[in-house]
Amino acid sequence: MPKPVQKDEIVALLEEIGTLMRLAGENDFRAMAFDRAARTLENLNDDINKYIEEQTLTDLKGIGKSIASDVYAYAETGSVPVLVKLRKQVPDGLIAWLGISGMGPKKIYKIHKELGITEIAELKEKCKDGSVAALSGMGEKSAEKILKSVAWMEEFSERCRIDEATAVAELFVEKMKDADGVREISVAGSLRRASETIGDIDILIAAEEKDAPALMSRFTGLDGVKEVLGQGETKSSVRSNEGRQVDLRIVSPDHYPAALMYFTGSKEHNVALRQRAREKKLQLNEYGLFHQNEEKQADFDRPLPVKSEADIYRHLDLGYIPPELREDHGEFELVSGGEVPELVELSDLRGILHAHSTWSDGKRSIREMAEACMERGYEYLGLTDHSHTAAYAGGLSIERVRQQWEEIDALNREFADKGKDFVILKGIESDILADGRLDYPDDLLAEFDLVVGSVHSGLDHPPEKMLDRLMRAAAHQHIHLIGHPTGRLLLRRDGNKADLNRLIEHAAEHKTAIEINANPWRLDLDWRYGRKARECGLMSAICPDAHDISGLDHVRYGIGIARKAGFGAGRILNTKPLGELKKWLSK
DNA sequence: GCCGTTTTCGGCCCGACTGTTTTCAGTCG
């Protein structure tokens, strides 16, 4: 009997095979097949064990007989022959080399083979002593470039949080947008797609050819630039003071829509679009959409009329796909009939749910938080300080809860007297205990307007136990919202591995919502569960989890994730006006 | 390695930039 496997381990397994194949100099298409299979499984909402037991993995797109039998072998024996062989052939240390920018599988394998080294420390030595430069196809500059990249890699992590990337991108856009010749400017890449972490920052400008050289020089000479990595006529790359790579592309205004789509990606989305274009005897590239010539290549004399990204999708019989959805993660099914998915927008938010004050670990008083909400045009604040179990965060005793309610009542009376259309809701972020109970008695919980249940302790419980905890909490009669379901901290700490698909089904059944925590460290619920949430009709809320006034503005990142997950305003609690929200909360 | 109502063999997205090459391979997105 095959033993149960986790989807994640299979995905990692296939990815490793693909990576090692490239490093071993295998045919790239073969390696790509493993990557594609990994993507397919990553996007799978059903239990992978069902496919293994029934031997039906080959029903999935991109998984053929060979890869299926690799997975079956793994489930049966815990190992895969091809991977065992590859691991013997390719030393561990080489995988880290892939993080060096400018180093791909070919160069890595060549250097490894010819110099007999496997560690980055050795690579640095060989760059310095001239051995690398002496290899055919390499030179002084290659060695220098490798050393520089390694230095950067050691100083900065490859990716950063979205708030960090946003700050850098906005700075560059601000300094370029009013330059002579700029017709249009936009952020592209993973930042435009609202990915939870960002590698490079892409900026696209539409300008006439004559203006491009001056714009490129302006860009590479900006204050925020620490180092110029490359400068060409249409593309330049720099390293910012913060250590982020920023790429600028300049295209003619005619090419802008196709270029914007192209550089927004994702790569997987683009590949799928290009294949779709080919099926229609069309050719899509960064310059536009073209009819094919006899050699099945773009006939640049026969472009299709394109004034916007939406036009390109229309020519391919698709509705406009908002950037956040472009991950080849089911978005094509959403727009196959030409319809456009209605996604929640920042302006839809009517209030703030899940924020802290000085009563627990927040930095501002209730009044200050409330006034900041009013300034931002919100109608309500669901204040949720920590419950008493969270002692490290100044969690509230029952007595303190009642005192806090007096303050909230007084503030609400004051706001009403002044004719302000604003209400503070009495909420709590109640710890979910090790056995899934909440940490106040039911009669107290019943009195809150809003109960958020979150796990803050026992984060390392095994997946099954964590799922039990969360499911039990989700079924609690007084809970409204599960907070940060995995507890992850991006680029720092993995979340728990509970099966969220099951939690989502269960929560939806019990009319409990799961938040999208908008704090850029968290962005949890992960957008990848959006499809499951949609199928189950799960409700969510975009929660800043604010501990300070600036934290309130993190909802912008939550909006990005909610859109990525495919949420419309109708399934986001804090788009409801106060009356409707209260009705929902009273279930 | 995967895929297919034009295909079970021959494709698999494609162009810019770099560095090392006298005509292109490797990398990147």
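A.B. asks: Sorry if this is basic, but what is going on with the domain arrangement of chain A here?
C.D. replies: Put simply, an interface is often sized by how much accessible area is lost when its parts join up. Assigned domains of chain A: these are domain 1 (7-89), domain 2 (92-155), domain 3 (160-251), domain 4 (256-330) and domain 5 (348-586). Here the C-alpha centre of domain 4 lies 23 Å away from the C-alpha centre of domain 3. For the pair domain 3 and domain 4, the two sides together bury roughly 1200 Å², of which 62% comes from carbon and sulfur. Looking only at domain 3, the three residues that lose the most surface to domain 4 are Arg192, Arg193 and Leu204, adding up to 56% of its buried area. Seen at the junction of domain 3 and domain 4, the total is two salt bridges.

A.B. asks: Just checking my understanding: could you explain the packing of helix H10 (residues 162-176) against helix H12 (residues 212-220) for this structure?
C.D. replies: The geometry of a pair of packed helices is captured by two quantities: the angle between their axes and the separation between those axes. Running from N to C, H10 and H12 cross one another at 140°; their axes reach a closest spacing of 11 Å. With respect to H12, the axis of H10 lies oblique. Both H10 and H12 take part in a crossing whose hand is right-handed. Of the residues in H12, those in contact with Phe172, Lys175 and Met176 of H10 are Leu215, Arg218 and Phe219. Across the contact of H10 with H12, the residue classes break down as four nonpolar, no polar and two charged.

A.B. asks: Is there a simple way to think about the protein's contact with DNA strand B in this case?
C.D. replies: Taken together, 45 residues lie near DNA strand B, and Gly64, Asp200, Tyr262, Gln283 and Tyr287 sit nearest. Here a phosphate oxygen of DNA strand B sits 2.9 Å away from a polar atom, N or O, in the main chain of Lys107. At 2.9 Å, a backbone N or O of Gln231 approaches a phosphate oxygen of DNA strand B. Counting residues per element, the surface near DNA strand B draws most heavily on helix H14 (residues 267-279), at five residues. For the surface near DNA strand B, the per-class residue count stands at 13 nonpolar, 16 polar and 16 charged.

A.B. asks: How should I be thinking about the sheet that holds strand S17 (residues 540-543) in this particular structure?
C.D. replies: Paired through their backbone hydrogen bonds, the strands of a sheet run either parallel or antiparallel. One open sheet holds the seven strands; their spatial order is S11-S12-S13-S14-S15-S16-S17, and the pairing between them is parallel. Both edges of this open sheet fall to strand S11 (351-355) and S17, since each of them pairs with a single strand only. Where strand S15 (residues 481-482) lies against strand S16 (residues 513-517), two bridges are found, and the strand directions are parallel. Following the sheet pairing, Leu481 is matched in S16 by Ala513. Of the strands in this sheet, strand S12 (380-386) and strand S13 (423-431) are in contact with helix H18 (residues 398-417), which crosses S13 at around 155°.

Conventions adopted
- Residues numbered from 1 in each chain as written.
- Chains lettered and ligands numbered in written order.
- Predicted model: local features only at pLDDT ≥ 70, side-chain atom pairs only at ≥ 80, totals over all residues.
- Heavy atoms only, no water.
- Domains from an automatic or database assignment.
- Buried area = accessible area lost by both parts, 1.4 Å probe.
- Salt bridge = Lys/Arg side-chain N within 4 Å of Asp/Glu carboxyl O.
- Axes fitted to C-alpha atoms, helices over the stretch in contact; angles between N-to-C directions.
- Helix = DSSP H or I, 4+ residues; strand = E, 2+ residues; numbered from the N terminus.
- Parallel < 35°, antiparallel > 145°, perpendicular 65-115°, else oblique.
- Left-handed = near helix turned anticlockwise from the far one by under 90°.
- Contact = heavy atoms within 4.5 Å.
- Nonpolar A, V, L, I, M, F, W, Y, C, P; charged D, E, K, R; others polar.
- Near = heavy atom within 4 Å.
- Polar contact = N/O pair within 3.5 Å; in protein donor to acceptor, adjacent residues only side chain to side chain.
- Pairing = 2+ DSSP bridges.

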